[in-house]
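# Remarks on the overall topology
So the chains spell out like this:
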Amino acid sequence: SERRMHRMKSRETFLRRLFTLYIPLLLILLFILFPFYWTFITSIKPEAELYGAVTYWPKAIVWDSYKNLFTTTVNFLDAMKNSFVVAAATTIVSLTTSTLAAYAFSRYRFAGRRAMMALFLSNNMFPTVLLLIPLYSIMRKMGLLYTPGSLILAYTTFTIPFSVWLLNGFLNDLPLTLEEAALVDGCNRRTAFSKIILPILGPCLVATGVYIFMTSWNEYTFAVMFTNTQTRTIPVALKSLIGQLGVQWDLLTAGGIITIIPVCIMFFFAQKRLVEGLTAGAVK
C-alpha cells in the first residue's frame, strides 16, 4: 500500500509538472524558435516552392540562395564588413567611455552629478528618429556623412547613456574597502582601478559590450540615412532585397540566417559572463 501511495504521488507530481511546467515551456520554446526554423527552411527551398503551396520542409534542399547572396549586386560581403567595423568600433568607444564615466559617477561626488545622470536616463525616453535631422546636419557639416564614422558617432549617442547606468549600478555595489586596501598597499587611483576594479567588472563589461554590439549590428534607421552603396550595413543591404515588384525571399532569408551567426557565436562564448553581468547589481 505504501508503494502504491508513493507511485500515485509520484504520478500526480509528474502530471502536475507536465501541465504546469513542461508543456508551457515547450509551447514557449516553439513560439520562439519557429520563426528561425521557417527562415532557414525558406532559404534552402527551390525557387518553385517559394511561391507555391505552404510546405514545412522542402522537397529538395538547395543552397543556391547563399551562393547568390554573395555574387549578386547586393554586395552582402561588403555589408558584413561594414557592419562588423561599425559594431566593433562602437563597442570599443562606448564601453571605454561608459566605464570611465560610470566610475566617476559612482566614486566621486560633484555638483550636477544627479542632474547629469537624470539627463542620461532621459535620453532613452525619446525615440531615436527624433535625432535623425540634427545628427544628419552635424555629420554633413563635419564631413562624416556616408562614412562609418557617422554611424559610430550616431550609435554612441544612445548606447553610452544606457551603458553608464548599467555599469554605475554594478559599481555602486562594489565596496569602497577594496580600493582603500589597494591605496593603503601603495597603489594610486589609476592602478587600483585597472588592477582591482576592472577584473571584478569583467562580467558586467561583457554584458554591456554584447548589448552595444547587438544594437549597432541590427540598427537600421541611422544606417539607411547615413550610408550609401559603398558603406551600407547589413540591415540596409537586406532591405534592398525588398522591391516594388516583389520580395526576393530566398536571398532575404539566407541573409537573415547569416546575419544571426556572429551574434550566436558571441553568445556561445560569452553566455556565462553574460548571465553574471546581467544579474550583477541586483538585490541579493
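To be clear, the structure that these remarks concern was listed above.
The following paragraphs examine the structure supplied in this document. (Residues numbered from 1 in each chain as written. Predicted model: local features only at pLDDT ≥ 70, side-chain atom pairs only at ≥ 80, totals over all residues. Heavy atoms only, no water.)

## Some points on the environment of Thr99
With respect to the helices and strands, Thr99 occurs in helix H4 (residues 76–107). In this structure the C-alpha to C-alpha distance between Thr99 and Ile196, which are 97 residues apart in sequence, comes to 14 Å. Residues within four places of Thr99 in sequence aside, it is in contact with Leu167, Phe193, Leu198, Leu201 and Leu205. (Helix = DSSP H or I, 4+ residues; strand = E, 2+ residues; numbered from the N terminus. Contact = heavy atoms within 4.5 Å.)

## Structural notes on helix H7 (residues 148–173)
Under the 1.5 Å per step criterion, the end-to-end length of H7 is 37 Å for 26 residues, consistent within 8% with the ideal 38 Å. A maximum bend of about 35° is found in H7 at Thr156. (Expected span 1.5 Å × (residues − 1). Bend = angle between axes of the 7 residues up to and from the residue.)

## Looking at the packing of aromatic side chains
Evaluation of the coordinates by the stated rule reveals 18 aromatic pairs. Here Phe34 and Tyr37 contribute two aromatic rings whose centre-to-centre distance is 6.1 Å and whose plane-to-plane angle is 40°, an arrangement assigned as tilted. Residue Phe34 and its partner Tyr37 are located together in helix H1 (residues 2–43), separated by three residues, close to a single helical turn. Look at Phe34 and you get partly exposed, because its relative accessible area is 40%. The exposure class of Tyr37 is partly exposed, given its relative accessible area of 33%. (Phe/Tyr/Trp six-rings, centres within 6.5 Å; stacked < 30°, edge-to-face > 60°. Buried < 20%, exposed > 50% of the residue type's maximum accessible area, 1.4 Å probe, protein only.)

## Comments concerning unusual backbone geometry
One non-glycine residue, Tyr146, lies in positive phi territory at about 65°. Topologically, Tyr146 is positioned in the loop between helix H6 (132–142) and H7.

## Some thoughts on the side chain of Ser106
One can find Ser106 in helix H4. What makes Ser106 buried here is its relative accessible area of 5%. Reaching out from Ser106, the side chain makes a polar contact with the side chain of Asn172 at a distance of 2.8 Å. Apart from the residues within four sequence positions on either side, Ser106 is in contact with Asn168, Leu171 and Asn172. (Polar contact = N/O pair within 3.5 Å; in protein donor to acceptor, adjacent residues only side chain to side chain.)

## Some words on helix H10 (residues 202–218)
Over its 17 residues, H10 extends 24 Å from the first C-alpha to the last, a length consistent with the 24 Å expected when each residue adds 1.5 Å. In terms of residue burial, H10 counts as a mostly covered element, since twelve of its 17 residues are buried. Turning to H10, its buried residues are Gly202, Pro203, Cys204, Leu205, Ala207, Thr208, Gly209, Val210, Ile212, Phe213, Ser216 and Trp217.

## Overview of the nonpolar core
Core analysis: the largest hydrophobic core is formed by 19 residues, its most contacted members being Leu69, Phe76 and Ile234. Broken down by secondary-structure element, the contributors of at least two residues to this core are helix H3 (64–69), H4, H10, helix H12 (234–239) and helix H13 (249–279). When near neighbours in sequence (up to four residues on either side) are disregarded, Leu69 contacts Phe76, Leu241, Leu251, Ala254, Gly255 and Ile258. Judged by nonpolar contacts, the second largest core, of 14 residues, contains Val86, Leu145, Phe222 and Val236. (Core = buried A, V, L, I, M, F, W, Y, C linked by side-chain atoms within 4.5 Å.)

## So, the pattern of salt bridges
Inspection of every chain in the model, using the stated rule, returns two salt bridges. Residues Arg107 and Glu179 are paired through a salt bridge, measuring 2.4 Å at the closest nitrogen-oxygen approach. Of this pair, Arg107 sits in helix H4 while Glu179 sits in helix H8 (residues 177–184), placing them 72 residues apart in sequence. The exposure classification of Arg107 matches that of Glu179, with both residues buried. Between Arg189 and Glu179 there is a salt bridge, with the nearest N and O atoms lying 3.3 Å from each other. Of this pair, Arg189 sits in helix H9 (residues 189–200) while Glu179 sits in helix H8, and the two are ten residues apart along the sequence. (Salt bridge = Lys/Arg side-chain N within 4 Å of Asp/Glu carboxyl O.)

None of the figures reported here should be taken as evidence of function without further support.
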